[in-house]
Amino acid sequence: MIIPQQIRMARAGLRWTIDDLSRKSGVGSSTIKRLESVDDIVSANISTLFRIEACLEAAGIEFIGAPDDAPGIRIHPGKN
């Protein structure tokens, strides 16, 4: 499961705004803002997190680590 810091890192790595991620994932921008505003494992609808994760992965982001063990991202250029 991804955590808020990974969502923020992924957006920064892709140079996407919250509105970009919202449009591409189909998740409301207010929901993304709420998810990104916490620094811990977030309580959200699992399908919402999966939609965000799938969207970012399709754009070239690889999520690494685990929520409690060095969570991060890798950027694979050319997919976005």
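Use the structure listed above.
Residues numbered from 1 in each chain as written. Predicted model: local features only at pLDDT ≥ 70, side-chain atom pairs only at ≥ 80, totals over all residues. Heavy atoms only, no water.

**Q** I would appreciate a short explanation of the overall build of the protein in the present structure.
**A** Of regular secondary structure, the protein possesses four helices and two strands. Computed over C-alpha atoms, the radius of gyration of the protein comes to 11 Å, within 12% of the 12 Å expected from 2.2 N^0.38 for 80 residues, which places it in the range of a compact globule. Counting the 80 residues in the protein, one finds 39% classified as buried. Just so you have it, the protein exposes about 4,600 Å², and 49% of that area is on carbon and sulfur atoms. Charge separation in the protein, taken as the distance between the mean sites of 10 positive and 10 negative side-chain charges, equals 9 Å. (Helix = DSSP H or I, 4+ residues; strand = E, 2+ residues; numbered from the N terminus. Rg over C-alpha atoms; globule rule 2.2 N^0.38 Å. Buried < 20%, exposed > 50% of the residue type's maximum accessible area, 1.4 Å probe, protein only. Areas by Shrake-Rupley, 256 points an atom, 1.4 Å probe, with all protein chains shown as cover. Lys, Arg positive; Asp, Glu negative; His and termini not counted. Charge placed at Lys NZ, Arg CZ, Asp CG, Glu CD.)

**Q** Sorry if this is basic, but what is going on with a nonpolar patch on the surface here?
**A** Residues Met 1, Ile 46 and Phe 50 make up a contiguous nonpolar surface patch of roughly 290 Å² in combined accessible area. Relative to the assigned elements, Met 1 resides in the segment before α1 (4-14). (Patch = residues over 30% accessible without salt bridge, like charges linked within 9 Å, V, L, I, M, F, W, Y side chains within 5 Å. Salt bridge = Lys/Arg side-chain N within 4 Å of Asp/Glu carboxyl O.)

**Q** Please explain unusual backbone geometry as it appears in this structure.
**A** Most peptide bonds take the trans configuration, and most residues that are not glycine carry a negative phi. Even without being glycine, Arg 15 reaches a positive phi, approximately 60°. Structurally, the position occupied by Arg 15 is in the loop between α1 and α2 (18-25). Backbone geometry places Ala 70, a non-glycine residue, at a positive phi of 55°. Tracing the chain through its elements places Ala 70 in strand β2 (residues 69-75). Exposure remark for Ala 70: the relative accessible area of 60% places this residue in the exposed category.

**Q** Just to check I follow, could you spell out the pairing of β2 for this structure?
**A** For a regular strand, side-chain orientation follows a simple rule: the groups alternate between the two sheet faces. Sheet analysis places strand β1 (residues 61-66) next to β2, joined by five bridges and oriented antiparallel. Note on β2: the bridge partner recorded for Glu 62 is Arg 74. Hairpin connection from β1 to β2: two residues lie between these consecutive antiparallel strands. (Pairing = 2+ DSSP bridges.)

**Q** Hey, could you run me through the nonpolar core in this one?
**A** One recurring pattern in soluble globular proteins is that nonpolar side chains are buried together. One finds Trp 16, Leu 21, Ile 52, Leu 56, Ile 61 and Phe 63 to be the most contacted residues of the largest nonpolar core, which totals 18 residues. Secondary structure elements with two or more residues in this core: α1, α2, α3 (29-36), α4 (46-58) and β1. In contact with Leu 56, not counting residues within four places along its chain, are Ala 10, Leu 14, Trp 16, Leu 21, Ile 61 and Phe 63. (Core = buried A, V, L, I, M, F, W, Y, C linked by side-chain atoms within 4.5 Å. Contact = heavy atoms within 4.5 Å.)

**Q** Could you clarify how one ought to interpret the side chain of Glu 53 in this entry?
**A** Within the fold, Glu 53 resides in helix α4. For the buried Glu 53, which has no salt bridge, the nearest side chain bearing the opposite charge is Arg 51, at an N-O separation of 12 Å. The contacts of Glu 53, once residues within four sequence positions are left out, are Ile 2 and Phe 63.

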